[in-house]
Amino acid sequence: YRQGKLTENVSTISISYDHNMEYLIETFFFLDRFSDNFLSIDQRYEVGGGFIVGNWIGKLKEYDAKKINTRDLPTSQDKIKSLGWFDHYCENYRRFNRLPDETLLKQVSRDMTRLNGIAQNVNRSFSKRFGIVRPALLFGLFAEIEKPGKLTDSLYIADDMGVITLQPREHEMDADTRWRMEVRPTLEIRPEVKWRFKFKPYFKFPAPWEKWLVPYQDQETLDYRIDIYSSMEVRVDKDDEHQNKAVVLKVIYRYHFDNQPPTYLVPGAVAQNGRGKYLTAQKRHHLFRLSLGVTF
């Protein structure tokens, strides 16, 4: 922060919604806003969605202690009728309702079916919470709206008399919109409940109807981006299943690469080889973060 202006602005706002369609498949929708002065990105919005295929492999010991045994929830009428408590249940129920036993049997069967579905959803949630390794693959499509920041640099430029001097140059880039596809392999590892590692590299390419090769300086290059997100999370809490109080320490590493960063050809600036000179943003940026959170 200098003279009322942010000199180094790196910020991210992310909103997403996930929905599990099947045990291995989930859909998602997201809205991201990203800014990075190092990459000359004033504002970049990504809006889109897609689906993820993945599953947790292996279970920690805490899963066996918490899972619901669905074998104790019979759903068929024959198994319910053989239970010792069913006759006692019917006897108590008839005191207040004049319904035949067969009607009660159907009602109990429906209730057991609902309970069995709820139990399966709870166990599925526990398998995610106490899974050890999760490989996954994401496919998505999104609209990218980008407003590059101001490009600035000092270039050697010859004046009308042929005198070469070092002159500052700047250029304000226009906003642009494009559609992109993204593929993200994912690896999550949880050796213990309190430890978790994530590695998510995003590979972002133009949509099929967009141009894949675009002019960049004096050549054409493939328009793609790579965003890598990795983190290590350590959770410190009390061994109390009735409370969710914890201190969470997270170390984050992010890497951004743009194979075609914002570029502008400076009029009148010519290099010794006769080619033009350009104002160009950085192609890559490494970012480390340390965060401390409290849950209660």
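Scope of this entry: the structure provided in the associated data block.

Conventions and cut-offs
- Residues numbered from 1 in each chain as written.
- Predicted model: local features only at pLDDT ≥ 70, side-chain atom pairs only at ≥ 80, totals over all residues.
- Heavy atoms only, no water.
- Helix = DSSP H or I, 4+ residues; strand = E, 2+ residues; numbered from the N terminus.
- Buried < 20%, exposed > 50% of the residue type's maximum accessible area, 1.4 Å probe, protein only.
- Contact = heavy atoms within 4.5 Å.
- Areas by Shrake-Rupley, 256 points an atom, 1.4 Å probe, with all protein chains shown as cover.
- Pairing = 2+ DSSP bridges.
- Phe/Tyr/Trp six-rings, centres within 6.5 Å; stacked < 30°, edge-to-face > 60°.
- Lys NZ or Arg CZ within 6 Å of the ring centre and 35° of its normal.

Regarding the overall build of the chain
Counting its regular elements, the chain contains 4 helices and 16 strands. Here the chain holds 296 residues, and the buried ones make up 33% of them. Taking contacts inside the chain between residues at least 6 apart in sequence as the whole, the part at least 24 apart equals 65%. Counting only carbon and sulfur atoms, one obtains 55% of the accessible surface of the chain, whose full area is about 19,300 Å².

Concerning the pairing of strand β10 (residues 213-216)
In β10, alternate side chains face the same way, and those of Val214 and Tyr216 are buried while those of Leu213 and Pro215 on the opposite face are not. Bridge count for β10 against strand β11 (residues 219-222) is 4 bridges, and the pairing is antiparallel. The residue of β11 that forms the bridge with Tyr216 is Gln219. From the end of β10 to the start of β11, which pair antiparallel, there are 2 residues, and Gln217 there has a positive phi angle of about 55°.

Focus: the packing of aromatic side chains
In total, this model carries 9 aromatic pairs according to the counting rule given. In this structure an aromatic cluster arises from ring pairing among Phe205, Trp212, Tyr224 and Phe257. Between the NZ or CZ atom of Arg190 and the centre of the ring of Trp56, over which it lies, the distance is 4.5 Å. The ring of Tyr202 has Lys204 sitting right over it, with the charged end atom 5.5 Å from the ring centre.

Purely spatial values, then, with no claim about function.
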